[in-house]
Amino acid sequence: MRFLLSYGVAFLLIVIIGVWMASGSLVQGGQGEGNGERAILDVLELPQDSGIRATLEQIGLVSKIEDETDIAEIAVEEPAVEPEVLQSVRTRTYVAQDLPLTVSLRGNTKASATVSIRAETTGILKSRHVDKGDRVKAGDLLCEIDQGTRKAQLAQAEASLAKAELDYSSNKTLREKGLSPANSGRQFEAALEAARAALDSSNAELDRTIIRSQAAGIVQDPLAEPGDMLSAGAVCVTLVQLDPILFAGDIPEARINAAALGLPVTVKTITGQEVVGTLSYVSPSSNPATRAFPVEVQIENKDYSIRAGLTAEAIAVLGTTKAHFVPQSVLTLDSEGTIGVRAVANESVAFHAVQILRDTTEGIWVTGLPDNVDIITFGQEYVIAGQKVVADNLSDEKTS
């Protein structure tokens, strides 16, 4: 009995000491005046609904936390959300220009025509008045065929005509006097016309022995030599016409619809000569092997300085189109492998597919862009279409 009484007294003392200590305060230094004192139960962080805290509240050792400020103080603070950091890029403004739409042609120069000057009668070539390489004009004497009996035939034709005229005149006088039938004049009139035709034929045959140039050009082979027997149609002299001279080349089928007669074409020969001509011929059908269309450019060549057969290239101006001149470094690929540029519009990235028209050492001409566009010149590989960015435009003025 005394054993139980001793244990009961000891337990009661422990409870009283524990309650007394729990009702006290914990003071922590180094936090300023009044800031280091906390209730022991707060340190123990007893839940509001725990039995121990409720018991202590009933006996007045702990006060209820009813102030909202106290609740906020013991609440766990959520971490603040940091603002999104936007990618920075550099842009430059580019403006569309009128780009001449040209096409390059490769080919060669050629004579506008090769003319064979032929004999119109049969005879021996008496003399040739030109040599290979000579320049001649229309009407210049080239060859003479031996006249043979042609002068005698002409004299006979003249005599026949004189006799026919005399007979016709005598018959007319007799008919007027009634000494000859009225219808007798027909035979004399027919004889007169035949004599005149014979004289004209003799004159023409004699003229055919003199061969003159029908066009300007340069003499080349083949040539007839003096003493050759020429028949009607035989070549006496060959002329090559170099004014105008022609450039012959091929135009790709993709540009054929823009090729119109009269378009200016700049031709540069392998010898360094550069001249401007006009498109004078476009073939109605393409070359089956290349699918390109043969064309000819007519070039003035009064001094014959451009020779036939020279390798040459030509630039034909087919019109103009709107395009942008941009550096090669701004070109990039989208996720599907399409070539284009990335630009900034309304603080967002936009991708524009482009088509390359011309490539130069200074940059490239492209189509497919708005007339005015802010192209990303630095950082385009780190952004995607639709992404918000901070753009620093480096254009002091609109760049063409």
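Below: a short report on this structure. (Residues numbered from 1 in each chain as written. Predicted model: local features only at pLDDT ≥ 70, side-chain atom pairs only at ≥ 80, totals over all residues. Heavy atoms only, no water.)

## Regarding the nonpolar core
The tendency in soluble globular proteins is for nonpolar side chains to be buried as a group. Core analysis: the largest hydrophobic core is formed by 25 residues, its most contacted members being Phe247, Ile251 and Val267. Secondary-structure elements contributing two or more residues to this core are strand S4 (97-118), strand S11 (235-251), strand S12 (264-269), strand S14 (293-299) and strand S15 (311-326). It is S11 that contributes the most residues to this core, 5 residues altogether. With 17 residues, the next largest nonpolar core counts Ile117, Leu125, Leu142 and Val237 among its residues. (Core = buried A, V, L, I, M, F, W, Y, C linked by side-chain atoms within 4.5 Å. Buried < 20%, exposed > 50% of the residue type's maximum accessible area, 1.4 Å probe, protein only. Helix = DSSP H or I, 4+ residues; strand = E, 2+ residues; numbered from the N terminus.)

## A closer look at the pattern of salt bridges
According to the stated counting rule, one finds 11 salt bridges in the structure shown. Across the salt bridge formed by Lys132 and Asp221, the nearest N and O atoms sit 3.1 Å from each other. Of this pair, Lys132 sits in the loop between strand S5 (123-128) and strand S6 (135-136) while Asp221 sits in the loop between strand S9 (217-220) and strand S10 (229-230), and the two are 89 residues apart along the sequence. Glu205 is the salt-bridge partner of Arg208, the closest N and O atoms lying 3.0 Å from each other. Look at Arg208 and you get partly exposed, because its relative accessible area is 30%. Each of the salt bridges in this network shares a partner with another, and the network as a whole consists of Arg128, Asp131 and Glu225. (Salt bridge = Lys/Arg side-chain N within 4 Å of Asp/Glu carboxyl O.)

## Concerning the sheet that holds S5
Strand order in this open sheet of 4 strands is S8-S7-S5-S10, and the pairing throughout is antiparallel. The open sheet is flanked by strand S8 (210-212) and S10, the only strands paired with a single partner. Where S5 lies against S10, 2 bridges are found, and the strand directions are antiparallel. Its bridge partner lying in S10, Ile124 is registered against Met229. (Pairing = 2+ DSSP bridges.)

## Here's the deal with helix H5 (residues 150-177)
The end-to-end C-alpha separation of H5 is 41 Å, in line with the 40 Å expected for 28 residues at 1.5 Å each. Restricting attention to buried positions, one finds in H5 the residues Arg150, Leu154, Ala157, Leu161, Ala164 and Asn171. In this structure, the buried residues of H5 make contact with helix H6 (185-207). With its phi angle positive at about 80°, Gly178 sits one or two positions after the end of H5. (Expected span 1.5 Å × (residues − 1). Contact = heavy atoms within 4.5 Å.)

## Comments concerning the side chain of Ser286
Here Ser286 shows up in the loop between strand S13 (274-282) and S14. The residues touching Ser286, leaving out its near neighbours within four places in the chain, are Arg291, Ala292 and Phe293.

## Focus: the packing of aromatic side chains
Summed over the entire model, instances satisfying the criterion amount to 1 aromatic pair. In this structure, Arg90 packs its charged tip against the face of Phe378, placed 5.3 Å from the ring centre. (Phe/Tyr/Trp six-rings, centres within 6.5 Å; stacked < 30°, edge-to-face > 60°. Lys NZ or Arg CZ within 6 Å of the ring centre and 35° of its normal.)

## Remarks on the state of the cysteines
Under the definition given, this model contains 1 disulfide. Put simply, Cys143 and Cys236 are joined by a disulfide, and their sulfur atoms are 1.7 Å apart. The sign of the -85° torsion about the S-S bond sets the Cys143-Cys236 disulfide as left-handed. Of this pair, Cys143 sits in strand S7 (residues 141-145) while Cys236 sits in strand S11; the two residues are 93 residues apart in sequence, bridging distant segments of the chain. With a relative accessible area of 0%, Cys143 lands in the buried category. (Disulfide = S-S within 2.5 Å.)

## A word on the environment of Val282
Considering the arrangement of structural elements, one finds Val282 in strand S13. Owing to a relative accessible area of 23%, Val282 belongs among the partly exposed residues under this scheme. Distance from Val282 to Ala259, taken between C-alpha atoms, is 7.7 Å for residues 23 residues apart in sequence. The contacts of Val282, once residues within four sequence positions are left out, are Ile256, Ala259, Leu261, Pro294 and Val295.

## Brief notes about H6
Across its 23 residues, H6 extends 33 Å between first and last C-alpha, which sits within 8% of the 33 Å expected from 1.5 Å per residue. Those residues of H6 lying buried are Gly185, Leu192, Ala195, Leu199, Ser202, Glu205 and Leu206. Looking at the buried residues of H6, the elements they touch are H5 and S8.

## Concerning the environment of Ser116
Along the chain, the position of Ser116 falls in strand S4. For Ser116, a relative accessible area of 33% gives the class partly exposed. Apart from residues lying up to four places away in sequence, Ser116 is in contact with Val235, Val237 and Thr238.

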